[in-house]
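Chain residues, written in single-letter form:
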Amino acid sequence: MESFDLPTLDRLHLVPGLWESVCLGAEALAEFPSLDILPHTARLGFHGNKSMVVHIQNPHENRKVEDIAKEIVGKRTFIGWPFLQEGLVAAVSDSLFKYEKLVVVPDTPAKVGLSDWKGKAERVKSV
């Protein structure tokens, strides 16, 4: 096995710290993880050794799922913290219900005429 020698900094100098125009915290790139965008508290705890304990607060605690769904369904959000990706909220669900965006389409059939409407729709699809 060959040994590897690290490159030297000939005629270059290392600048310690961050570049002056770097954006941190809430101003950082949207995909970059930051606790500045999450409501949280932190404290130093002792669990065998010193540990920083971070408690992420739930801004939707004690709210109805239906109200949350009305607010966020159909909107953009970032998911998968800490490595965020942009997503679109398609639905919100709990153990009983799934809440989706309600779209009202004119001239949709009532349950009585559903079979007639379905037959017409099938004929249109086949054309």
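Residues numbered from 1 in each chain as written. Predicted model: local features only at pLDDT ≥ 70, side-chain atom pairs only at ≥ 80, totals over all residues. Heavy atoms only, no water.

Undergrad: Looking at this model, I keep getting lost on the overall build of the protein chain. Mind explaining?
TA: For the protein chain, the count of helices and strands is two helices and six strands. Ordered by position in the sequence, the α and β elements of the protein chain form the string β-β-α-β-β-β-β-α. Residue burial in the protein chain is summarised as follows: out of 127 residues, 9% are buried. Of the contacts formed within the protein chain by residues at least 6 apart in sequence, a portion of 22% connects residues at least 24 apart. (Helix = DSSP H or I, 4+ residues; strand = E, 2+ residues; numbered from the N terminus. Buried < 20%, exposed > 50% of the residue type's maximum accessible area, 1.4 Å probe, protein only. Contact = heavy atoms within 4.5 Å.)

Undergrad: Please clarify how the nonpolar core should be interpreted in this entry.
TA: As a rule of thumb, nonpolar side chains are buried together in soluble globular proteins. Grouped together as the largest cluster of nonpolar side chains are five residues: Ala69, Val73, Val89, Val92 and Tyr99. Those residues in contact with Tyr99 that lie beyond four places of it in its chain are Val65, Glu66, Ala69, Val73, Ala90, Ala91, Val92 and Asp94. (Core = buried A, V, L, I, M, F, W, Y, C linked by side-chain atoms within 4.5 Å.)

Undergrad: I would appreciate a short explanation of the pairing of strand β1 (residues 40-46) in the present structure.
TA: Summarising the sheet, β1 and strand β2 (residues 50-56) pair through seven bridges and their orientation is antiparallel. For His40, the partnering residue across the bridge sits in β2 and is Ile56. Connecting the antiparallel pair β1 and β2 is a turn made up of three residues, with Gly48 showing a positive phi of about 85 degrees. (Pairing = 2+ DSSP bridges.)

Undergrad: What is the right way to look at the pattern of salt bridges in this model?
TA: Should the charged atoms of two oppositely charged side chains come close, the side chains can pair. Applying the stated criterion to the full structure yields four salt bridges. We note a salt bridge from Lys70 to Glu66, for which the minimum N-O separation is 3.8 Å. Taken together, the positions of Lys70 and Glu66, both in helix α1 (residues 65-72) and four residues apart, correspond to about one turn of that helix. Glu100 is paired through a salt bridge with Lys98; the nearest N and O atoms lie 3.5 Å apart. Both residues of the pair, Glu100 and Lys98, count as exposed. (Salt bridge = Lys/Arg side-chain N within 4 Å of Asp/Glu carboxyl O.)

Undergrad: Would you explain the pairing of strand β3 (residues 76-79) in this entry?
TA: One face of the sheet, then the other: side chains in a regular strand alternate in exactly this way. Direction of pairing for β3 relative to strand β4 (residues 85-88): antiparallel, over a ladder of four bridges. Bridge assignment links Arg76 to a residue of β4, and that residue is Leu88. What sits between β3 and β4 in their antiparallel hairpin is a turn of five residues, with Gly80 showing a positive phi close to 80 degrees.

Undergrad: Would you take a moment to explain unusual backbone geometry for this structure?
TA: Both trends apply: most residues other than glycine have a negative phi, and most peptide bonds are in trans. A positive phi angle, near 60 degrees, is found at Arg11, a position not held by glycine. Residue placement: Arg11 occurs in the segment before β1.

Undergrad: Sorry, what's going on with a nonpolar patch on the surface here?
TA: On the surface, a nonpolar cluster with roughly 510 Å² of combined accessible area is contributed by Leu44, Phe46, Met52, Val54 and Ile56. Elements represented by at least two residues in the nonpolar patch include exactly β1 and β2. Ranked by residue count, the leading element in the nonpolar patch is β2, at three residues. In this structure, Phe46 sits in strand β1. (Patch = residues over 30% accessible without salt bridge, like charges linked within 9 Å, V, L, I, M, F, W, Y side chains within 5 Å. Areas by Shrake-Rupley, 256 points an atom, 1.4 Å probe, with all protein chains shown as cover.)

Undergrad: Please explain the environment of Lys98 as it appears in this structure.
TA: Tracing the backbone shows Lys98 in strand β6 (residues 98-100). As for Lys98 and Ala69, which are separated by 29 residues in sequence, their C-alpha atoms are 9.2 Å apart. Aside from chain neighbours lying at most four places away, what touches Lys98 is Ala91, Val92 and Ser93.

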